[in-house]
Amino acid sequence: MHLYGTANINEIGHLEIGGVDTVTLAKKYGTPLYVYDVALIRKRARAFKKTFESMGVKAQVAYASKAFSTIAMIQLVEEEGLSLDVVSGGELFTAIKAEFPSERIHFHGNNKSESELLMALDYHVGCIVVDNFHELYLLAQLCEQRKQEVKVLLRVTPGIEAHTHDYILTGQEDSKFGFDLQNGQAEDALTYAIQNQYLDVLGLHCHIGSQIFETTGFKLAAKKLLEKLAEWNESLLFEASVLNLGGGFGIRYTDEDAPLSPESYVVEMIDEVRIETERLGLALPEIWIEPGRSMVGDAGTTLYSVGSQKDVPNIRKYLAVDGGMTDNLRPALYDAKYEAILANRANEKTTETVAIAGKCCESGDMLIWDLPLPEAAPNDILAVFCTGAYGYSMSNNYNRIPRPPVVFVENGTSQLVVKRESYEDLLRLDLSYVEKSQV
Ligand SMILES: Cc1ncc(COP(=O)(O)O)c(C=O)c1O
Ligand SMILES: N[C@@H](CCCC[NH3+])C(=O)O
């Protein structure tokens, strides 16, 4: 059994996180329940920041809030002094409501609407990461109308195939994101942007994908971007003050995953940028990164109650829990693998291998296909590890299932930071079609 962060098994054989018994949490808040180990999130944030500091490199570590965006999480990011990557009006609105300092917000997105851009300009975000020509011209026009300057990065696709699931690859040439670096699009965009008096171009951005275990792709991307910057330094007299290398650092979900420590990704990136800038005669730019998964992934655990079982002799035994693809879409979407234990019987020997099914009306609603467990009974508490990134943030209401609440645990106390959705909440946007309805 692999335990993460502050997790341990207490003297009564229960899983404890942040010094709090998870069985008590399940009783207090109900199940399903997302539990976040705050100390582990702080540890990750500090490790990223400290690595840049100790290597004497100016940097911004922007938490990619798509991984898990709530008011409390954004307040925690602010407490730790990170920057924030938002990718939609909704994530920006959450940041605004959490009173996150606007100058440390970076606004992403491959199809930002006019109203989203206006919202970013109204709020004076620190930087807009411009993705395509439509956005570039629209932003220039809006800034011109408002006589407002804005700092921008140009997102480029470096043409790199990182080793990860096809659906979460983003740096390859055939991608919906960014200006192509090879075919001249990026150069055209830069030429336009640096001539516009309202666009202050800080530099380039790239993101090669997610759940990546090697540093080769990041280093290759850095090299490609810096080589182009050296070219543009000559031809366009452009000097980048920022190089944003995105996020994507992999984490351990199961034994099959062998990630590096978050710090080592950063160290190798910095080394590469130093080597290449020296070789090309460029000034060392600020290095920005955008970790999402590696900030919160293994800090999140989902607690479920075991319900029905179905034994298919000689094939498999299904154990159903009170959540599923509504609170964790990743197994259905990416065939993602997870580990889990019975939180109330954590010291017991595993005696059988079962399949963990969700409660949705969908055969693909499976959380884990082969999980060794002690023989489980109804109301046992199943703890699925590493659900902190893209769990809550991709949750949905399929089958009109309400979203679970979120609790933060730290130093022996728990705090509810997102309430459980109620059936009433589910209907809050519904309007009646017939007269005299009770809706
Ligand atoms: C532009 C950008 N930055 C950062 C991230 C965060 O990635 P991860 O959660 O893998 O660190 C993503 C998602 O892949 C992204 O698209
Ligand atoms: N949502 C994906 C990652 C996408 C990252 C954002 N570009 C996941 O759960 O792995």
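As recorded in an unreviewed UniProt entry, the chain goes by Diaminopimelate decarboxylase and comes from Lederbergia galactosidilytica. Database annotation for the chain, UniProt heading Sequence similarities (unreviewed entry): "Belongs to the Orn/Lys/Arg decarboxylase class-II family. LysA subfamily."

Participant: Sorry if this is basic, but what is going on with the overall build of the chain here?
Facilitator: Counting its secondary structure elements, the chain contains 12 helices and 21 strands. A compact globule built from 439 residues should have a C-alpha radius of gyration of about 22 Å, and the chain, at 23 Å, falls within 12% of that. Projected onto its principal axes, the C-alpha coordinates of the chain cover approximately 70 × 60 × 40 Å. Long-range contacts, defined as pairs at least 24 residues apart, comprise 69% of the intrachain contacts of the chain with a sequence gap of at least 6. Within the structure as shown, the chain displays about 19400 Å² of accessible surface, and the carbon and sulfur contribution to it stands at 49%. Positive and negative side-chain charges of the chain, numbering 40 and 62 respectively, have mean locations separated by a distance of 4 Å.

Participant: Would you explain the sheet that holds strand 1 (residues 8-9) in this entry?
Facilitator: Backbone-to-backbone hydrogen bonds pair the strands of a sheet. The strands run either parallel or antiparallel. In space, the three strands of this open sheet follow the order 1-2-3, with antiparallel pairing throughout. What marks the edges here is a single partner per strand, and that holds for strand 1 and strand 3 (20-21). As defined by bridge partners, strand 1 adjoins strand 2 (residues 15-17) across two bridges and the pair is classed as antiparallel. Within the sheet, the bridge partner assigned to Asn 8 lies in strand 2 and is Glu 16.

Participant: It is not clear to me how unusual backbone geometry should be interpreted in this structure. Could you clarify?
Facilitator: Backbone geometry follows two general trends: most residues other than glycine have a negative phi, and most peptide bonds adopt the trans configuration. Omega for the peptide link from Thr 31 to Pro 32 comes to -10 degrees, which places this bond in the cis form. Mapped onto the elements of the fold, Pro 32 is located in the loop between helix 1 (22-29) and strand 4 (33-37). Within the chain, His 124 stands out as a residue other than glycine whose phi angle is a positive 55 degrees. Along the chain, His 124 falls in the loop between helix 5 (114-122) and strand 8 (127-130). Of note in this structure, Gln 211 is not a glycine but carries a positive phi near 55 degrees.

Participant: Would you mind showing me how to read the nonpolar core here?
Facilitator: One recurring pattern in soluble globular proteins is that nonpolar side chains are buried together. Counting 128 residues, the largest nonpolar core has Tyr 63, Ile 128, Leu 139, Val 296, Ile 356 and Leu 382 as its most contacted members. Here this core takes eight residues from helix 8 (residues 216-235), the largest share from any one element. If you look at the next biggest cluster of nonpolar residues, it comprises six residues, including Cys 127, Leu 153, Val 242 and Trp 288.

Participant: Sorry if this is basic, but what is going on with the packing of helix 4 (residues 89-97) against helix 5 here?
Facilitator: Packed helix pairs are specified by the crossing angle of their axes together with the interaxial distance, meaning the distance between the axes. Orientation of helix 4 relative to helix 5, taken along the N-to-C sense of each, is 25 degrees, at an axis distance of 10 Å. Considering the angle they form, helix 4 stands roughly parallel to helix 5. In the crossing of helix 4 with helix 5, the sense of the turn from one axis to the other is left-handed. Listed contacts from helix 5 to Gly 89, Leu 92, Phe 93 and Ile 96 of helix 4 are Glu 116, Met 119 and Ala 120. Of the residues in the contact of helix 4 with helix 5, the class split is five nonpolar, one polar and one charged.

Participant: What is the right way to look at the site of ligand 1 in this model?
Facilitator: Near ligand 1 there are 15 residues, and of these His 207, Ser 210, Glu 290, Arg 293 and Tyr 390 occur at the shortest range. Here an oxygen atom of ligand 1 and a backbone polar atom of Gly 248 are 2.9 Å apart. One of the side-chain nitrogen or oxygen atoms of Tyr 390 is found 2.6 Å away from an oxygen atom of ligand 1. In the complex, the protein chains occlude 93% of the 390 Å² of accessible area that ligand 1 would expose alone. Taken together, the residues of the shell around ligand 1 sort by class into three nonpolar, seven polar and five charged.

Participant: Help me understand the UniProt feature "modified residue: N6-(pyridoxal phosphate)lysine" (unreviewed entry) in the chain in this model?
Facilitator: Per the UniProt record, "modified residue: N6-(pyridoxal phosphate)lysine" (unreviewed entry) is found at Lys 66. Mapped onto the elements of the fold, Lys 66 is located in the loop between strand 5 (59-64) and helix 3 (71-79). Its relative accessible area of 28% is what places Lys 66 among the partly exposed residues. With residues near it in sequence (within four places) discarded, Lys 66 still touches Asp 85, Val 87, Glu 91, Tyr 390 and Ser 393.

Participant: Help me understand helix 8, please; the structure alone is not making it clear to me.
Facilitator: Since the α-helix advances by 3.6 residues per turn, residues separated by three or four positions end up pointing in the same direction. With 20 residues, helix 8 ought to run about 28 Å at 1.5 Å a step, and its terminal C-alpha atoms sit 29 Å apart, in line with that. Those residues of helix 8 lying buried are Gly 217, Phe 218, Ala 221, Ala 222, Leu 225, Leu 226, Lys 228, Leu 229, Ala 230 and Trp 232. Packing partners of the buried residues in helix 8 comprise strand 9 (150-157), helix 7 (185-195), strand 11 (199-205), strand 12 (242-244) and helix 9 (262-280).

Participant: Can you help me understand helix 4 in this one?
Facilitator: Within the sequence span of helix 4, burial applies to Gly 89, Glu 91, Leu 92, Thr 94 and Ala 95. Looking at the packing, one finds that the buried side of helix 4 touches helix 3, strand 6 (83-86), strand 7 (105-107) and helix 5. Downstream of helix 4 by a residue or two, Glu 99 has a phi angle that is positive, lying close to 60 degrees.

Thresholds applied
- Residues numbered from 1 in each chain as written.
- Chains lettered and ligands numbered in written order.
- Predicted model: local features only at pLDDT ≥ 70, side-chain atom pairs only at ≥ 80, totals over all residues.
- Heavy atoms only, no water.
- UniProt positions renumbered as here; feature names shortened; annotations may be inferred.
- Helix = DSSP H or I, 4+ residues; strand = E, 2+ residues; numbered from the N terminus.
- Rg over C-alpha atoms; globule rule 2.2 N^0.38 Å.
- Contact = heavy atoms within 4.5 Å.
- Areas by Shrake-Rupley, 256 points an atom, 1.4 Å probe, with all protein chains shown as cover.
- Lys, Arg positive; Asp, Glu negative; His and termini not counted.
- Charge placed at Lys NZ, Arg CZ, Asp CG, Glu CD.
- Pairing = 2+ DSSP bridges.
- Core = buried A, V, L, I, M, F, W, Y, C linked by side-chain atoms within 4.5 Å.
- Buried < 20%, exposed > 50% of the residue type's maximum accessible area, 1.4 Å probe, protein only.
- Axes fitted to C-alpha atoms, helices over the stretch in contact; angles between N-to-C directions.
- Parallel < 35°, antiparallel > 145°, perpendicular 65-115°, else oblique.
- Left-handed = near helix turned anticlockwise from the far one by under 90°.
- Nonpolar A, V, L, I, M, F, W, Y, C, P; charged D, E, K, R; others polar.
- Near = heavy atom within 4 Å.
- Polar contact = N/O pair within 3.5 Å; in protein donor to acceptor, adjacent residues only side chain to side chain.
- Expected span 1.5 Å × (residues − 1).

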